[in-house]
Amino acid sequence: MTVSRLIPVPIPDHVAALIGSCMPTGVLQAEIDAECAAREVRRFRGPMCQEDQADREHALAALARANKVLAAYNPGLVLRPGGGIR
């Protein structure tokens with residue numbers, strides 16, 4: 001299976017709510033957690049102090065936990081640490 005390189009297009013809120021209503025609550029929460037963790041990982045660039053390194057590792061762990069739930073539901077939903085679909 002190859003990943004399509006389509007340009008993301010924003011969808012109206014009511015359409016997103018309709019899509020979300022068809023998914024289990026745990027998967028929706030994992031999707032939110034993965035987005036937040038991926039965004040947090042992107043914040044840390046360049047030389048990092050020990051505290052920043054620990055925060056980045058914590059965000060990577062949160063992303064891994066969320067991706068585990070997402071992959072069990074649909075492997076196409078998994079996010080990379082830098083953001084974007086795997």
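Residues numbered from 1 in each chain as written. Predicted model: local features only at pLDDT ≥ 70, side-chain atom pairs only at ≥ 80, totals over all residues. Heavy atoms only, no water.

1. Overview of the nonpolar core
Here's step 1: Met23, Val27, Ala30, Ala34, Ala37, Ala38, Leu63, Ala66, Leu70 and Leu79 form the largest nonpolar core, which has ten residues in total.
Here's step 2: Where this core is concerned, the elements lending two or more residues are helix H2 (25–43) and helix H3 (50–73).
Here's step 3: The element best represented in this core is H2, accounting for five residues.
Here's step 4: Setting aside anything within four residues of it in sequence, one finds leucine 70 in contact with Val27, Ala30, Glu31, Ala34, Pro75 and Leu77. (Core = buried A, V, L, I, M, F, W, Y, C linked by side-chain atoms within 4.5 Å. Buried < 20%, exposed > 50% of the residue type's maximum accessible area, 1.4 Å probe, protein only. Helix = DSSP H or I, 4+ residues; strand = E, 2+ residues; numbered from the N terminus. Contact = heavy atoms within 4.5 Å.)

2. Some words on H3
Here's step 1: With 24 residues, H3 should reach 34 Å at 1.5 Å per residue; the first-to-last C-alpha distance of 35 Å fits that figure.
Here's step 2: Taken together, the buried positions of H3 are occupied by Ala59, Leu63, Ala66, Asn67 and Leu70.
Here's step 3: Next to the buried residues of H3 lie H2. (Expected span 1.5 Å × (residues − 1).)

3. Considerations on H2
Here's step 1: An ideal rise of 1.5 Å per residue puts 27 Å on 19 residues; H2 measures up with 28 Å between its terminal C-alpha atoms.
Here's step 2: Within H2, the full set of buried residues consists of Val27, Ala30, Ala34, Ala37, Ala38 and Val41. What you see down the axis of H2 is that its buried residues fit within an arc of 100°, all on one side. Residues of H2 that are exposed and point more than 90 degrees away from the buried face comprise Thr25 and Arg43.
Here's step 3: Here the buried face of H2 lies against H3. (Arc of directions from axis to C-beta.)

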